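# Geometric and topological summary
Listed below are the residues making up each chain.
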Amino acid sequence: MFHNNQSIKTLFCRLIFVLGLVGIIPAQAEDSSEVTALMGLLGINSKELANLEQGKTVSFDIAENNEKELAAGVVMYIPAKPSKLVQYINEKDLGTIDTDLISQGKIPANATLESFKGFALKAGSGEAKNFMRAQPGSQFNLSIDEFKLLKSIDAAQADAASQSYRRILLERMQSYRKKGLKGIANYDRGDGLSARPAEELRTATLANKVLTRYFPQVYKAWLDYPAAMPAGAGEQFFWLNRNVEGRPTAILGHRIMLSSNGAEVMLSRQFYVGHSYNSNQLSIACLPYRDGSLVFYANRSFTDQVAGFGSGVKHSIGREQMRGEIVKRLINLRKAIM
């Protein structure tokens, strides 16, 4: 339990720093010295603070920027040092706490088609057949040129769907590494409509105001990639094949990690997603506390499915589902690390 007001005050000041770092609260909060004001700002009461020490999770709200965005955050106490948590994530990857993951792989700087050999759609499956005859719309997230590519390929070829998808993944990876957000092609929805994952990810990054203040070099590298990474920051690229809404889903991701005063921070974006949602950006901050870490998991996801008629209800349902998924992953992380 929390033993005195000073320890609560100290904890909250550190919480404010990390929450600000991942873009959850405004910078001015760091200057507040009133414990009650900080508690009110975070929306966390004394009972919830006690729940954290008992291994329970506490949710917090994140402001959403447009009708296509879903955002949610969860914090959990895990009895392991931040360095141990990040080492585990780096070595085992987040896939170990994601029960919907089918397969995954890290992508080297000099990626080739061979780098994606682990990704596959089952030959002859409905998903593979649908992919090869895909049309502009919401069934698959593909650009105008990618739809044209699929039309030019003989679908009767052995493993045509997997080979075509690997080519698309490689070309999207190469374009992102060369141009960053500007290299992300829009998804063609047909009838002159499109989804714009590059704009969505830029919006999510710009919302991280306090990262600008405390880690301006990291912020610039993240926003303006392929700008050079600052000293002490590492990066990884990865592909995932993840079960989303009952379908295998190709995902391309970029992650950067940094350490500061015993805290560990990871920023990750999914700059290509095969279907169901457009893009995703998450922040994980591990803050040293007592004999372990307070782990903050903040997630922003963009999807056409929550826009339009009934948007409020769709957001409420989607947000709750997102929180449930975050809690599940944090519980899996705690089980894996202990």
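First things first, this report covers the structure right here in the doc. (Residues numbered from 1 in each chain as written. Predicted model: local features only at pLDDT ≥ 70, side-chain atom pairs only at ≥ 80, totals over all residues. Heavy atoms only, no water.)

### Comments concerning the packing of aromatic side chains
Tallying each qualifying case throughout the model produces 9 aromatic pairs. Between Phe-119 and Tyr-165, the aromatic rings sit 5.2 Å apart at their centres with planes inclined by 80 degrees, giving edge-to-face as the arrangement. Of the two residues, Phe-119 is situated in the loop between strand S3 (101–106) and helix H5 (126–132) and Tyr-165 in helix H7 (residues 160–179); the sequence distance between them amounts to 46 residues. Judged by its relative accessible area of 1%, Phe-119 falls in the buried class. Judged by its relative accessible area of 3%, Tyr-165 is buried. (Phe/Tyr/Trp six-rings, centres within 6.5 Å; stacked < 30°, edge-to-face > 60°. Helix = DSSP H or I, 4+ residues; strand = E, 2+ residues; numbered from the N terminus. Buried < 20%, exposed > 50% of the residue type's maximum accessible area, 1.4 Å probe, protein only.)

### Looking at the pattern of salt bridges
Counted under the stated rule, the structure contains 15 salt bridges. In this structure, Glu-69 and Arg-300 form a salt bridge, with 2.6 Å as the shortest nitrogen-oxygen distance. With Glu-69 in strand S2 (residues 69–78) and Arg-300 in strand S10 (residues 292–302), this pair connects stretches of sequence that are 231 residues apart. Residue class for Glu-69 comes out buried when judged on its relative accessible area of 0%. Across the pair Glu-325 and Lys-328 runs a salt bridge, and its minimum N-O distance is 3.5 Å. Here Glu-325 and its partner Lys-328 are both found in helix H11 (residues 311–337), 3 residues apart, which amounts to about one turn of the helix. Several salt bridges share partner residues, and in doing so they unite Asp-100, Arg-242, Glu-325, Lys-328 and Arg-329 into one network. (Salt bridge = Lys/Arg side-chain N within 4 Å of Asp/Glu carboxyl O.)

### So, the pairing of strand S6 (residues 234–244)
Of all 11 residues in S6, 8 are buried, a share of seventy percent or more. Bridge count between S3 and S6: 5 bridges; the pairing is antiparallel. In the sheet register, Gly-105 faces S6, and the bridge partner there is Trp-239. Between S6 and strand S7 (residues 247–260), which follow one another and run antiparallel, lie 2 residues, and Glu-245 among them has a positive phi close to 55 degrees. (Pairing = 2+ DSSP bridges.)

### Thoughts on the nonpolar core
Core analysis: the biggest nonpolar cluster contains 36 residues, and Phe-131, Leu-142 and Tyr-272 have the highest contact counts within it. Of all elements in the fold, only H5, helix H6 (144–151), H7, helix H8 (197–206), S6, S7 and strand S8 (263–273) reach the threshold of two or more residues within this core. Counting residues per element, this core draws most heavily on H7, at 8 residues. Not counting residues within four places of it along the chain, the set of residues in contact with Phe-131 comprises Leu-121, Phe-140, Leu-142, Leu-150, Ala-161, Ser-164, Tyr-165 and Ile-168. Ile-78, Tyr-88, Ile-89 and Met-322 belong to the second largest nonpolar core, which has 24 residues in total. (Core = buried A, V, L, I, M, F, W, Y, C linked by side-chain atoms within 4.5 Å. Contact = heavy atoms within 4.5 Å.)

### Comments concerning the sheet that holds S2
Taking strand neighbours across the sheet as the criterion, the 8 strands line up as S1-S2-S10-S9-S8-S7-S6-S3 in an open arrangement whose pairing is antiparallel. Two strands in the sheet have a free side with no partner beyond their single neighbour: strand S1 (57–60) and S3. Recorded for the sheet is a direction-independent mean angle of 20 degrees between the axes of neighbouring strands. Judged from the 10 bridges that link them, S2 and S10 form a sheet pairing that is antiparallel. When the sheet's bridge partners are listed, Glu-69 is paired in S10 with Phe-302. (Axes fitted to C-alpha atoms, helices over the stretch in contact; angles between N-to-C directions.)

So yeah, pure geometry; function would need other evidence.
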